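Here are the chains, one letter per residue:
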Amino acid sequence: MKNAWDAFLLSIETQSTIGYGIVYAHPECGSTLPVIYLQIVTGFLFETLVFGFVFAKLARPKHRRHTIVFSRNACISQEAERLVLQIRVGDMRRSNLVDARVHGLLIKRHVIQEKYVYPLYQHQLEFNAHEMGDRLFLMWPLVLTHHITEDSPLWTLTPGDLIFDKFEIVVFLEGYIESTGEMCQARTSYTTREIIWGHRFTRLEEYDPKNDLWIMDFVKFNKVVPSDTPACSAAQLMQQSETTVLPVQRSSSQPGIRQSYISVDDDFDTASESPFSDDEHVVGDPIRIPFTPMPMASPEEGVGE
């Protein structure tokens, strides 16, 4: 290299890997060097923009997530003697998402023990389909279920809370596009006005015996039907189920005793005295009242006798 122009020309050739042959830019032609440099910079900028647009299109498949549909409302009903929160999700395309997963969040006001208030506190909600965990196989629409247990933030939710309380449930569905392998995420949310108590989703699967196949009627995708559901929280429902109603059998040694029904604990003996007096009872301890059946008066006996 004889001068700075030779070094500059060498850097351009090295960066662009042009590989000059017989025709090449000569250092003595100084007017051609700025043109070549401008051409290379413009070409690199154009290639970067094109690559960025293509990568953004593949990395953020917006149109794919629009084919994932969620139900318009969420339902709370009773299944297997416990309350559940259910939503419905479906995929409108023939190519299914690979390794689809679902999870949810409950966003509401939360006050900690130190009286500090989190206005938008996030509680985790676990959804599953057919007791298979958070993984989904969306060949047909599925009903996603959240079991309201003691670990659920909806444990103390009552029908009245849907009127006066304010919170929002956000549901996320994530999966990989089968053709490109890119991540796709679809999400929706439900406010208290969009949660229906005492309803469940109607069936949309119909079997066609003539063609030996199942038909999915998407017209019924958002339809719900009433369901027998207690108007109490899951915590209150568990307390009611723990209280057993036992019949008091008629004793053979005492004929004429009226058969009665009392609510007792499993370890409570009706013949024993109450273990608590009025001044010994503390909050949280059950008050056990001994039950003594009263003999009925015979028809021959008078009222005053």
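Look up: the structure comes first, before these words.
Only a predicted model underlies this, so the values are computations on that prediction, with no experimental measurement involved. Within each chain, residues carry numbers counting from 1 in the order of the written sequence. Residues qualify for local features only when their pLDDT is at least 70, as the model is predicted, and side-chain atom pairs are given and counted only at 80 or more; totals for whole chains, interfaces and linings, by contrast, use all residues. Hydrogens and water molecules were not included; the side-chain quantities draw on all heavy atoms of the structure.

### Brief notes about the pattern of salt bridges
Working definition: two side chains of opposite charge can pair if their charged atoms are close together.
Right, on to step 1. A carboxyl oxygen of Asp or Glu within 4 Å of a side-chain nitrogen of Lys or Arg is what we treat as a salt bridge. Inspection of the entire model under this criterion finds 7 salt bridges.
Right, on to step 2. Here the salt bridges share partners, and the residues they tie into one network are Asp99, Arg101, Asp134 and Arg135.

### Brief notes about the environment of Phe221
Right, on to step 1. Along the polypeptide, Phe221 turns up in the loop between strand E13 (213–216) and strand E14 (224–226).
Right, on to step 2. Only protein chains enter the accessibility calculation, which uses a 1.4 Å probe; a residue whose area is less than 20% of its type maximum is buried, one above 50% is exposed, and one in between is partly exposed. Residue Phe221 is classed as buried on the basis of its relative accessible area, which comes to 5%.
Right, on to step 3. In the structure, Phe221 is positioned 152 residues away from Val69 in sequence and 9.5 Å away in space, judged by C-alpha atoms.
Right, on to step 4. With near-sequence residues (within four places) excluded, Phe221 lies in contact with Val69, Phe70, Ser71, Arg88, Val89, Gly90, Pro141, Phe201 and Leu204. Secondary structure is summarised from DSSP: a helix means a run of H or I of at least four residues, a strand means a run of E of at least two, and numbering begins at the N terminus for each. What makes two residues a contact is simply this: any of their non-hydrogen atoms within 4.5 Å.

### Some points on unusual backbone geometry
Peptide bonds are trans in most cases, and residues, glycine excluded, mostly fall at negative phi.
Right, on to step 1. Residue Ala80 is not a glycine yet carries a positive backbone phi of 55 degrees.
Right, on to step 2. Tracing the chain through its elements places Ala80 in the loop between strand E2 (74–79) and strand E3 (82–91).
Right, on to step 3. The exposure class of Ala80 is exposed, given its relative accessible area of 71%.
Right, on to step 4. In this model, Glu81 sits at a positive phi of 65 degrees, which is unusual for a non-glycine residue.
Right, on to step 5. With respect to the element layout, Glu81 can be found in the loop between E2 and E3.

### Remarks on a negative patch on the surface
Right, on to step 1. A cluster of acidic residues, Glu126, Glu150, Asp151 and Glu242, forms a negative patch on the protein surface.
Right, on to step 2. You can see Glu150 is positioned in the loop between strand E7 (142–147) and helix H4 (161–164). Patch members must show over 30% relative accessible area and no salt bridge, and they are joined within 9 Å when carrying like charges or within 5 Å when they are nonpolar side chains of Val, Leu, Ile, Met, Phe, Trp or Tyr. The Shrake-Rupley method, run with a 1.4 Å probe sphere, supplies the accessible areas, and residue values consider only the shown protein chains as cover. The sign given to each residue is positive for Lys and Arg and negative for Asp and Glu; His and the chain ends receive no count. Positions of charges follow a simple convention, taking NZ of Lys, CZ of Arg, CG of Asp or CD of Glu.

### Comments concerning the nonpolar core
Right, on to step 1. Here, the term nonpolar core denotes a set of buried Ala, Val, Leu, Ile, Met, Phe, Trp, Tyr and Cys residues that are joined through side-chain atoms within 4.5 Å. Formed by 38 residues in total, the largest nonpolar core has its most connected members in Phe70, Leu136, Leu173 and Ile195.
Right, on to step 2. If near-sequence neighbours (up to four positions away) are discounted, Phe70 is found in contact with Ile87, Arg88, Val89, Val171, Leu173, Ala186, Arg187, Thr188, Tyr190, Phe221 and Asn222.

### Quick look at the side chain of Asn96
Right, on to step 1. Considering the arrangement of structural elements, one finds Asn96 in the loop between E3 and strand E4 (98–111).
Right, on to step 2. At 2.9 Å, the side chain of Asn96 and the backbone oxygen of Leu138 are in polar contact.
Right, on to step 3. The contacts of Asn96, once residues within four sequence positions are left out, are Arg64, Asp91, Leu138, Met139, Tyr176 and Glu178. Polar contact is defined as a pair of N or O atoms within 3.5 Å, subject to the rule that within protein one atom must be able to donate a hydrogen and the other to accept it, and that residues adjacent in sequence are counted only when both atoms are side-chain atoms.

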